[in-house]
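Coordinate inspection notes
What follows is the residue order along each chain.
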Amino acid sequence: MFNKLRIAVVIFITTVLVGVVTATPTGMVQSELNKGWRFRQARLQQWRTATVPGVVHTDLLDHGLIEDPFFRLNERSVQWVDKEDWVYETTFDIPAKMLGYKNYRLVFNGLDTYADVELNGEKILSADNMFRRWPVDVSQKLKERGNVLQIYFHSPIKIDIPKWEALPYHYEAGNDQSQNGGLFGKQVSIFARKAGYHYGWDWGPRLVTSGIWRSVVLESWNDACIEDLAFQTQQLGKRTAQVVCEVEINSEKSADEANVSIFDENTKMFVGSTICDLKQGINHIKVNFKLNNPRLWWCNGLGEPELYDFRVELSINNKLVDSRKQTTGIRTIELVRENDKEGQSFYFRLNGVRVFAKGANYIPSDNFLPRVTIADYKKTIDDAVAVHMNMLRVWGGGIYENDEFYDLCDRNGLLIWQDFMFACSLYPAEGEMLENIRLEAIDNVKRMRNHPSLAVWCGNNENQTAWFSWGWKENYERQNKAYAEKIWKQYCDQYFDVLDKVVDEYALNVPYTPSSPFASKEVAQEKNIGDRHFWGVWTGAFPISAYRDEHSRFFSEYGFQSFPEIQTVKRYAPEQEDQDLLSDAMMWHQRGGKNANERIYKHLLNEYQEPKGFENLLYMTQILQADAVKIAMEAHRRDKPYCMGTLYWQINDCWPVASWSSRDYYGRWKALHYFVKNAFDDILVSPVERNGRLEVWVISDRQQPVKGKLEIIIYDMKGKRVNNVTRNVRLKADESLKVTDQAVKELIGNYAPGDVVVYADFVVQNEKKHYTNNCFLVKQKEMNYQEAVIDPVIEPKEYGFRVTLRTNTFARGVFMELKGQDYFFNKNFFDLFPGHPVTLEVETSLSPQEFEKQLCIKTLRDAYK
Ligand code: BMA
């Protein structure tokens with residue numbers, strides 16, 4: 001013991017004095033096996049080159065064997081692919097740097113899904129879960145040269161159909177488009193631990209792919225290696241953070257002179273160490289340490305998302321054996337669910353500070369996952385931050401995202417609501433399947449737990465609300481009470497027991513919620529308890545204005561569909577005959593079907609005048625979506641602190657399609673995404689008309705009190721001031737305040753409400769920025785908009801142009817586009833008042849002449865019939 005202490009002290013002193021340990025660690029060596037792959041259809045002989053990581057559809061595409069499934073109706077012609085088995089193969093030598101090691105392991109980071117793996121003709125693995133990581137010890141099986149690695153992917157359909165046929169009842173899986181896949185009603189998706197949306201969704205095609213979708217890595221090490229690190233902030237004091245790092249060490253044999261030390265890579269300082277014995281096999285060693293004046297991780301809007309790069313070193317008998325780096329953040333996160341006089345709270349507390357969550361739901365960015373690049377992730381995250389989001393919800397019908405996604409969230413201060421991958425379905429969660437689910441949960445919770453962005457783990461998406469409110473429970477009970485009991489027991493075992501325990505054991509104090517929405521075990525959703533999904537407007541039961549009056553402690557979903565703009569539509573439906581909402585190509589890319597179009601149309605005609613032609617209709621659906629969701633976002637923020645979060649459905653698409661997204665598949669911002677920027681700003685001024693009165697609210701998410709001046713101006717269409725009201729406003733930290741509440745009649749006098757626009761402007765004392773917002777006193781179709789003459793003044797700038805727009809009459813929803821070009825306007829879909837020019841910037845490679853020729857400007861009035 002004395003000896004160990006002495007060594008610890010010596011190591012401590014040396015490292016503090018020297019700063020860094022200089023020895024290069026031997027440790028684990030890794031090499032990715034991404035070369036020389038080929039593939040074939042199992043019952044054909046011809047091999048073709050393959051890309052790994054990749055999937056069979058993209059390999060077939062690369063060889064011209066299928067056509068782009070995203071184009072027009074091509075998805076139909078690739079439905080044979082999921083009924084076939086596929087074989088992938090490569091040959092590899094042990095890389096020179098890895099020769100002579102004692103231990104070798106192959107790690108399959110993602111096999112989609114039913115895969116038999118052979119190494120040199122010997123079976124080494126049968127995988128059955130695309131979300132799991134599969135390490136296989138191959139120390140005794142590797143040759144120095146010419147190892148043959150073969151992976152046989154069984155058709156997931158062929159594997160799962162017998163399971164479906166064997167059951168006297170069927171598990172609900174409403175989004176599984178088995179009909180498209182030629183399987184009639186056989187919805188088999190729930191048997192496979194495979195991304196739910198691969199089987200189709202109400203915004204996505206059915207493309208049930210297979211393949212090595214994440215890397216295959218060869219690893220080697222000698223006596224011991226660091227398998228995993230887990231950094232947890234245990235306590236935050238005024239000036240200190242108490243941190244514990246749990247180090248998972250794999251040791252070949254026992255050792256009683258091991259030392260684990262931790263260094264801060266930025267300061268090059270030693271932060272903590274421990275001396276320990278190692279037993280043969282897996283060891284969990286805890287190192288406690290204290291950080292003085294810690295740089296805390298904050299979400300966007302609350303502070304800097306500070307990160308630490310730690311290095312952990314393992315030495316045995318004073319010899320450095322392995323070392324591993326880990327980036328993480330120092331923060332505590334809580335989900336506060338406390339009974340209060342209204343019901344029960346539901347909000348996040350970060351480092352002790354209450355957070356109003358502003359964000360959106362995220363689905364996978366492509367049907368073929370390996371082709372999502374880091375640049376694609378970066379664009380999504382940048383676009384979220386650009387509109388002041390602080391949270392994304394990774395929804396349960398997709399995947400546990402790649403590490404790079406969470407790295408970007410860490411670096412940009414985006415909190416993550418992470419669903420487990422179960423959505424809108426019931427699953428046969430018992431026996432081997434439940435164990436498979438448990439192991440999948442452990443793999444992913446462990447993989448993600450050092451990310452400070454991770455705020456909550458959630459059992460599933462809408463499975464519980466479906467059980468109680470979509471008639472599922474009663475359906476099963478009607479068939480046979482025993483079925484209902486069995487399925488509900490499976491449900492409870494999975495979400496109230498197994499997943500809850502995994503989070504408790506492995507997630508380092510990140511909270512768990514069993515489902516979204518969730519109120520209690522007996523009730524799916526309530527207005528005054530837990531989180532809520534509000535779909536009443538979209539499904540048509542309520543008018544758009546209902547968004548203004550709905551309450552919840554936390555809206556984790558609500559949304560409204562729109563079409564992508566014409567430039568995107570032309571990429572998937574370019575023919576003249578396609579340019580109609582009811583054309584086959586357009587309907588193919590509307591997975592809500594006729595119903596969805598009817599809903600859009602119904603609300604559109606309820607709120608606006610009739611559109612003129614196809615292109616204008618596309619544009620107007622975006623205005624409709626943006627106006628609708630804006631009402632909701634503002635109402636949720638006004639409702640603070642009763643309501644503490646607003647996540648709309650959805651920030652992205654997985655292919656080009658009509659959907660609820662605010663950015664389309666190519667990353668183009670729809671009108672909604674521009675609107676979010678204002679609605680989610682740190683301060684929101686929110687005028688709202690209710691029962692003949694105009695209320696104006698100011699909402700601040702700042703953590704300090706705010707003083708400022710509110711000005712409410714009523715303009716007529718020509719830009720003349722009809723009336724104005726000014727107020728000095730004092731807001732407490734993190735407050736929502738109703739500042740004025742006046743009769744509309746008094747404000748507008750003899751003017752017709754359709755002839756005026758309410759403009760609200762708030763400026764914080766000693767700051768320059770104007771927080772502004774417009775509001776209308778009647779529906780858009782009752783507004784008396786005149787045809788506007790808008791003249792753009794164009795100046796060239798680096799990578800594009802600066803454009804200033806002026807108008808002679810109020811112009812609603814000013815939209816600018818360039819034909820067929822990739823471009824980005826930093827402002828678009830805005831309202832333009834006479835006498836208030838708007839200047840914006842556009843990125844494009846067009847010449848000034850071309851730009852001027854191509855620039856199209858449209859207003860809502862222009863889109864009307
Ligand atoms: C939500 C989601 C998704 C679905 C969306 C639109 O409830 O959970 O399952 O795609 O609605 O219908």
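Quantities reported herein were computed from a predicted structural model and do not represent experimental measurements.

Thoughts on the UniProt feature "domain: Mannosidase Ig/CBM-like" (unreviewed entry) in the protein chain
Feature annotation in UniProt assigns "domain: Mannosidase Ig/CBM-like" (unreviewed entry) to the following positions: residues 693-781. Annotated as 6% helix and 60% strand, the span residues 693-781 places its first and last C-alpha atoms 20 Å apart.

Considerations on the site of the ligand
Around the ligand sit Trp201, Asp202, Trp203, Trp395, Cys424, Asn461, Glu462, Trp535, Glu557, Trp649 and Trp660, and those are all the residues in its vicinity. Side-chain polar atom of Trp395 to an oxygen atom of the ligand: 3.2 Å apart, as the coordinates give it. A distance of 2.5 Å separates an oxygen atom of the ligand from a polar atom in the side chain of Glu462. In the complex, the protein chains occlude 92% of the 310 Å² of accessible area that the ligand would expose alone. In terms of residue class, the shell around the ligand is made up of seven nonpolar, one polar and three charged.

Points about the sheet that holds strand β23 (residues 347-350)
Here we have three strands laid out as an open sheet, ordered β20-β23-β24, and antiparallel in their pairing. The open sheet is flanked by β20 (333-336) and β24 (353-355), the only strands paired with a single partner. The mean angle between the axes of side-by-side strands here comes to 35°, regardless of whether they run parallel or antiparallel. Sheet analysis places β23 next to β24, joined by three bridges and oriented antiparallel. Bridging from a neighbouring strand, Phe348 pairs with Val355 of β24.

Section: the packing of aromatic side chains
For any pair of aromatic rings, geometry is given as the distance between the ring centres together with the angle between the planes. According to the stated counting rule, one finds 67 aromatic pairs in the structure shown. When the centroid spacing of 6.3 Å and the interplanar angle of 45° are considered together, the rings of Tyr400 and Trp457 count as tilted. One end of the pair, Tyr400, is in the loop between β26 (391-394) and α5 (403-412); the other, Trp457, is in strand β28 (residues 454-458), with 57 residues separating them in the sequence. The exposure classification of Tyr400 matches that of Trp457, with both residues buried. Joined through ring pairs, the aromatic side chains of Phe422, Tyr427, Trp467, Phe468, Tyr476, Trp488, Tyr491, Tyr495, Phe496 and Phe518 make up one cluster. Against the face of Tyr666 rests Arg571, its NZ or CZ located 3.8 Å from the ring centre. Lying across the ring of Tyr823, Arg668 places its NZ or CZ 5.6 Å from the centre.

Focus on the packing of helix α14 (residues 613-638) against helix α15 (residues 671-679)
As a packed pair, α14 and α15 sit with axes 8 Å apart at the nearest point and diverge in direction by 25°. On the basis of their axis angle, the class for α14 and α15 is roughly parallel. For α14 against α15, the interelement crossing comes out right-handed. Of α15, the residues touching α14 (which contributes Gln622, Ile623, Gln625, Ala626, Asp627, Val629, Lys630, Met633 and Arg637) are Ala671, Leu672, Phe675, Val676 and Ala679.

Structural notes on the pattern of salt bridges
Inspection of the entire model under this criterion finds 67 salt bridges. A salt bridge links Lys630 to Glu634, with the nearest nitrogen and oxygen atoms 3.3 Å apart. Of this pair, Lys630 and Glu634 both sit in helix α14, four residues apart, which is roughly one turn of that helix. Residue class for Glu634 comes out buried when judged on its relative accessible area of 4%. Across the pair Glu735 and Lys732 runs a salt bridge whose closest N-O atoms are separated by 3.6 Å. For Glu735, a relative accessible area of 16% translates into the label buried. For Lys732, a relative accessible area of 57% corresponds to the exposed category. Linked through salt bridges whose partners overlap, the residues forming this network are Arg354, Lys358, Arg637, Lys640, Asp701 and Asp734.

Focus on the domain arrangement of the protein chain
Domains assigned within the protein chain are domain 1 (29-218), domain 2 (224-329), domain 3 (683-782) and domain 4 (790-862). Computed over C-alpha atoms only, the centres of domain 1 and domain 2 are separated by 36 Å.

What counts, and where the lines are drawn
Chains are numbered independently. Their residues run from 1 in the order of the written sequence. Per-residue local features are limited, in this predicted model, to residues with pLDDT of at least 70; the limit for side-chain atom pairs, both in listing and counting, is 80 or more; totals at the level of whole chains, interfaces and linings are taken over all residues. Hydrogens and water molecules were not included; the side-chain quantities draw on all heavy atoms of the structure. UniProt positions are given in the numbering used here, feature names are shortened, and annotations may be inferred rather than shown by experiment. Each helix corresponds to a stretch of at least 4 residues labelled H or I by DSSP, and each strand to a stretch of at least 2 residues labelled E; elements are numbered beginning at the N terminus. A cutoff of 4 Å decides nearness: a residue is near a molecule or strand if any of its heavy atoms lies inside that distance of it. Contacts described as polar in this section are N or O atom pairs within 3.5 Å, which, within protein, must combine one atom able to donate a hydrogen with one able to accept it, while residues neighboring in sequence count only if both atoms come from side chains. Computed with the Shrake-Rupley method and a 1.4 Å probe, the accessible areas treat only the protein chains shown as cover for residues. Amino acids are sorted into nonpolar (Ala, Val, Leu, Ile, Met, Phe, Trp, Tyr, Cys and Pro), charged (Asp, Glu, Lys and Arg) and polar (every other residue, Gly among them). Being paired, for any two strands, means DSSP has found at least two bridges between them. Structural elements are reduced to axes, namely lines fitted to C-alpha atoms, with helices fitted over the stretch in contact, and the angle between N-to-C directions of any two is expressed from 0 to 180 degrees. Stacked, tilted and edge-to-face are the three classes assigned to paired rings of Phe, Tyr and Trp, where Trp is represented by its six-membered ring and a pair needs centres within 6.5 Å; plane angles under 30 degrees give stacked, over 60 edge-to-face, the rest tilted. For each residue, the accessible area found with a 1.4 Å probe, counting protein chains only, is set against the maximum for its type, and the residue is called buried under 20%, exposed over 50%, and partly exposed in between. Criterion for a charge above a ring: Lys NZ or Arg CZ within 6 Å of the ring centre, and within 35 degrees of the ring normal. By definition in this entry, angles of less than 35 degrees are roughly parallel, angles greater than 145 are roughly antiparallel, angles of 65 to 115 are roughly perpendicular, and the rest are oblique. Each crossing gets its handedness from the near helix: less than a right angle anticlockwise from the far helix is left-handed, clockwise is right-handed. In this description, contact between two residues means that some pair of their heavy atoms is separated by no more than 4.5 Å. Each salt bridge in this description consists of a side-chain nitrogen of Lys or Arg and a carboxyl oxygen of Asp or Glu lying within 4 Å of one another. Note: domain ranges come from an automatic or database domain assignment.

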